[in-house]
Amino acid sequence: MASLGGIGGRLYRGEVSVEFVSRQRLWYSISGAILVISVIAVAVFGLNFSVDFKGGSVYQFAAGNSTISQVRQTVSTSGGGQDAIVQQIKPLGGGAPKWQIQTRPLSVQQQNSVQSALSKRFGVPQNQISQTSIGASWGSQISKKAAEALIAFIVVIVIYLSIAFEWKMAVAALIALAHDIVITIGVYALAHFEVSPASVIGLLTILGYSLYDTVVVFDKVRENTAGLLASSRSTYSQAANQALNQTLVRSINTSLIALLPVASILFVGAGFLGAGELKDLALVLFVGMLSGTYSSICIATPVLADLKEREPQYKALAKRVQLRAAGGRAAKRAAAKASATQAATGRGTTGRAGRAEVPEPDLEPDLAADDADASVTDEPGEDAVEGTAAAAEPVAAGAGQPTSRSGPRSGPRQQPRRTSAAKRRPSGKKRRR
């Protein structure tokens, strides 16, 4: 229990979260499949109404050493019909078990014939065989009262939720209630459970239980969504999911505490008491509570979130939240892209600058040689003349040093000074190797 309380605290503080609202398609698919199966089961198998609804005769007598097959055979041969329902029950105050036989509506002569046959076959005096006749009008009155109670219940709930909360919450709660009713009826049809007045009472009880759990969740949703439009922290669905997580442990604890005594009555008490109104009541409560807990968590709140997200203001809020959530990631991506672009541009600039700063190879000796060679060509041009003049300057200053490679070298060669004309290589002439 301490660990469960710790989990509840973490859920309430938002440290951990279970995504219920964002997975509404999963819950809708599961519920849709169950609802389809339930509707098909009711259409194909129908409901097994008790004698209180369809009318008939009920016999009770001490079981003794008889068996179900013997009792059913005796009733059918005496005119009670082949569809008689035979059950062994145990009185609540203790005592010997009894047989309970339900037959279709019988005439007075048929009732007396069945009672006489049972007395002779099992040795029970006729005054110890209880016989009750229930007309069809009694069952129709019960069905009518049950429908009226259900309609009044729904109307009151819609009015209350519309005033206390809002009409969309009332719609979501009614969808969850209809979900619980259809599933419970489908389970009765599939399992061929008997529908008795106690079942109707239990059905109305589980509707109130399911609605109670849903209202608790909606109250927390209203608290979390107050002033939500003034900020961009979360969408309506996210706030509703947080409220659902904050009340999750409470819903589970409430459901478990309520299901334990019902399960004990259904599975343990039915084994000792047999069939009876207490078993019928426990059965519908057990099925309805499970369905109600599921619907209050996985159906009511997601449906409410879907209805609210359709409103224009909450659509705009969802866009703002999405932009805010994506803003950090977009800014990081933009910064990274800008950094990469700047780095690439810097590398390109550095490469070009590096190539510009690298000193060109010293071509002065070769150019000087070319100028000198140009002075001895057969057809000297303008550049060659200038090169000869440039080469003549060191001769005047250098005391007659040779200007040609063919002459003997008596000392270090004096490099001529490059002129602007000498920098340009003569076009159309090949360099002499």
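Note that the coordinates shown come from a computational prediction; the quantities given were computed from them, not determined experimentally. (Residues numbered from 1 in each chain as written. Predicted model: local features only at pLDDT ≥ 70, side-chain atom pairs only at ≥ 80, totals over all residues. Heavy atoms only, no water.)

## Considering the overall build of the chain
No. 1: Secondary structure assignment for the chain yields 15 helices and six strands.
No. 2: For the chain, restricting intrachain contacts to residue pairs at least 6 apart in sequence, the fraction spanning at least 24 positions comes to 78%.
No. 3: When the accessible surface of the chain is split by element, carbon and sulfur atoms take 60% of a total near 25000 Å². (Helix = DSSP H or I, 4+ residues; strand = E, 2+ residues; numbered from the N terminus. Contact = heavy atoms within 4.5 Å. Areas by Shrake-Rupley, 256 points an atom, 1.4 Å probe, with all protein chains shown as cover.)

## So, helix α7 (residues 167-191)
No. 1: Taking 1.5 Å per residue, 25 residues should reach 36 Å; α7 reaches 36 Å between its end C-alpha atoms and fits that length.
No. 2: After α7 finishes, the residue H192 shows a positive phi value of roughly 60°. (Expected span 1.5 Å × (residues − 1).)

## Notes on the pairing of strand β4 (residues 98-103)
No. 1: Burial analysis of β4 places five of its six residues in the buried class, which makes it a mostly covered element.
No. 2: In this sheet, β4 lies alongside strand β2 (residues 56-62) in antiparallel orientation, the contact comprising six bridges. In the strand pairing of β4, S57 is matched with T103.
No. 3: Where strand β3 (residues 85-89) meets β4, five bridges bridge the pair, whose relative direction is antiparallel. Each residue of the ladder has a partner; that of Q87, found in β4, is Q100. (Buried < 20%, exposed > 50% of the residue type's maximum accessible area, 1.4 Å probe, protein only. Pairing = 2+ DSSP bridges.)

## Regarding the pattern of salt bridges
No. 1: Within the structure shown, the criterion is met by five salt bridges.
No. 2: A salt bridge links K308 to E166; the nearest nitrogen and oxygen atoms lie 3.1 Å apart. Of this pair, K308 sits in helix α11 (residues 277-309) while E166 sits in the loop between α6 (136-164) and α7, placing them 142 residues apart in sequence.
No. 3: Of the residues examined, E166 reaches a relative accessible area of 22% and is grouped as partly exposed.
No. 4: Of the charged contacts, one joins K220 and E223 as a salt bridge, the two residues approaching to 3.4 Å between their closest N and O atoms. Taken together, the residues K220 and E223, both in helix α8 (residues 197-224) and three residues apart, mark about one turn of the helix. (Salt bridge = Lys/Arg side-chain N within 4 Å of Asp/Glu carboxyl O.)

## Notes on the sheet that holds β2
In a beta sheet, neighbouring strands are held together by backbone hydrogen bonds and run either parallel or antiparallel to one another.
No. 1: Pairing is antiparallel in the open sheet, where four strands are placed in the order β3-β4-β2-β5. Lying at the two open borders of the sheet, with one neighbouring strand each, are β3 and β5 (130-134). Going across the sheet, the axis of each strand differs from the next one's by a mean of 20°, ignoring polarity.
No. 2: Where helix α4 (residues 68-77) meets the sheet, it contacts β2, β3 and β4, and its direction lies at approximately 40° from that of β4.
No. 3: Its contacts with the sheet put helix α5 (residues 108-122) on β2, β4 and β5, and the angle it makes with β2 is roughly 20°. (Axes fitted to C-alpha atoms, helices over the stretch in contact; angles between N-to-C directions.)

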